[in-house]
Amino acid sequence: AGLTTRDAIAKATGVAADDFEASYREKLSTIAAGLGEATEAAPSAETRELLEDAVTAVRRKKTGEAIEMLGEALDREAPQPQVLELLGKIRLLDGDATAAAELFALGREKFPHDGKWLKLHAAALLKVGDGPELPPLLERVAATDADDALAAKKLAELAAGERDQE
């Protein structure tokens, strides 16, 4: 007790505070570099046109046409996030929650630092029904977004259902 921060760092780590800080900053820089871009890159003009065409098709009640054009444009190895998201949402709109869940799972895999994919995946799985991967996914949503009342409510319902079965 009574140590300065610099002295406490030196005592706890056995390293001078300046050396500790330099090492720590280097480690953070390495981690940050591995995270990639902080924001989604704006889609190209071609992709924007594709997205607009797909939205127009949906407005004309031609979801199959929108699904086809987005599906053809989707590169599963390096997906454009806007194309992937819109395709998944249209699949949900079209009633194919299983396909939407698969697309949103791909989004989670390819863009692991963007929390929207976790929420979209959970929402699609809720529409699919109660599967073994749903509770842990809802727990992650609830843990990362305290304002998401739906995830907390569904977790409570699942827990109550398990108690009723016992």
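That block above? That's the structure.
These remarks concern the structure in this document.

Brief notes about the packing of aromatic side chains
- If you walk through the whole model with that rule in mind, you get 3 aromatic pairs.
- Taking 6.1 Å as the distance between ring centres and 10° as the angle between the ring planes, the aromatic pair formed by Phe20 and Tyr24 counts as stacked. Residue Phe20 and its partner Tyr24 are located together in helix α2 (residues 17-35), separated by 4 residues, close to a single helical turn.
- A relative accessible area of 46% means that Tyr24 is categorised as partly exposed.
- Judged by centre distance (6.3 Å) and plane angle (50°), the rings of Phe104 and Trp117 are tilted. Pair noted here: Phe104 is in helix α6 (residues 97-110) and Trp117 is in helix α7 (residues 116-128), with a separation of 13 residues, a long-range link.

Focus on unusual backbone geometry
- In this structure, Lys61 is a non-glycine residue whose phi angle is positive, near 65°.
- Along the chain, Lys61 falls in the loop between α3 (45-59) and α4 (63-73).

Reading guide: rules and limits
Residues numbered from 1 in each chain as written. Predicted model: local features only at pLDDT ≥ 70, side-chain atom pairs only at ≥ 80, totals over all residues. Heavy atoms only, no water. Phe/Tyr/Trp six-rings, centres within 6.5 Å; stacked < 30°, edge-to-face > 60°. Helix = DSSP H or I, 4+ residues; strand = E, 2+ residues; numbered from the N terminus. Buried < 20%, exposed > 50% of the residue type's maximum accessible area, 1.4 Å probe, protein only.

None of the figures reported here should be taken as evidence of function without further support.
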